[in-house]
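Given next are the chains, with one letter for each unit.
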Amino acid sequence: QVQLVESGGGLVQAGGSLRLSCVASGSAFSINGMGWYRQASGKQRELVASITSGGTTNYADSAKGRFTISRDNAKNTIYLQLNSLKPEDTAVYYCNAAVVPGRWSGQYTSWGQGTQVTVSS
């Protein structure tokens, strides 16, 4: 099983920045796509950004131009740089990963426990 642990959340003023990290640990044949989701209070979880093992990125419209996802495959870590934060970015941010446990296995999705980001106005 692969475990994901997020860090880097906190309280920041509007216009500020944070950098989130997500470290994957455990046994797997490979880890394919990884991504960041967020869930604000009372709302559904939504995709923020994703990145393939080859580095191809995808962003939600709300994240384009402000957030940057990156990946260090050697460290099994992804990052989310959050710039120009707005109060509406307040949410719990979750990391996920598409994990292939064995050479001939199908993949499953692993989720982290989340890290809180709070943006004050």
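Residues numbered from 1 in each chain as written. Predicted model: local features only at pLDDT ≥ 70, side-chain atom pairs only at ≥ 80, totals over all residues. Heavy atoms only, no water.

So, on to the sheet that holds strand E8 (residues 77-82). Across the sheet, which stays open at both edges, the four strands sit in the order E1-E3-E8-E7 with antiparallel pairing between neighbours. Unpaired on one side and paired on the other, strand E1 (2-7) and strand E7 (67-72) mark the two borders of the sheet. With direction set aside, neighbouring strand axes in the sheet form an average angle of 15°. Pairing geometry for E7 and E8, over six bridges, is antiparallel. Pairing of Asp-72 across the sheet is with Thr-77, part of E8. (Pairing = 2+ DSSP bridges. Helix = DSSP H or I, 4+ residues; strand = E, 2+ residues; numbered from the N terminus. Axes fitted to C-alpha atoms, helices over the stretch in contact; angles between N-to-C directions.)

Okay, the pattern of salt bridges next. Overall, the coordinates contain four salt bridges when judged by the stated rule. Between Glu-46 and Arg-38 there is a salt bridge, and its shortest N-O distance comes to 2.8 Å. When the shortest N-O distance is used, the salt bridge between Asp-89 and Arg-66 registers 2.7 Å. Linking Asp-89 in the loop between E8 and strand E9 (91-100) with Arg-66 in the loop between strand E6 (57-59) and E7, this pair joins segments that are 23 residues apart in sequence. Grouping residues by exposure puts Asp-89 and Arg-66 together as buried. (Salt bridge = Lys/Arg side-chain N within 4 Å of Asp/Glu carboxyl O. Buried < 20%, exposed > 50% of the residue type's maximum accessible area, 1.4 Å probe, protein only.)

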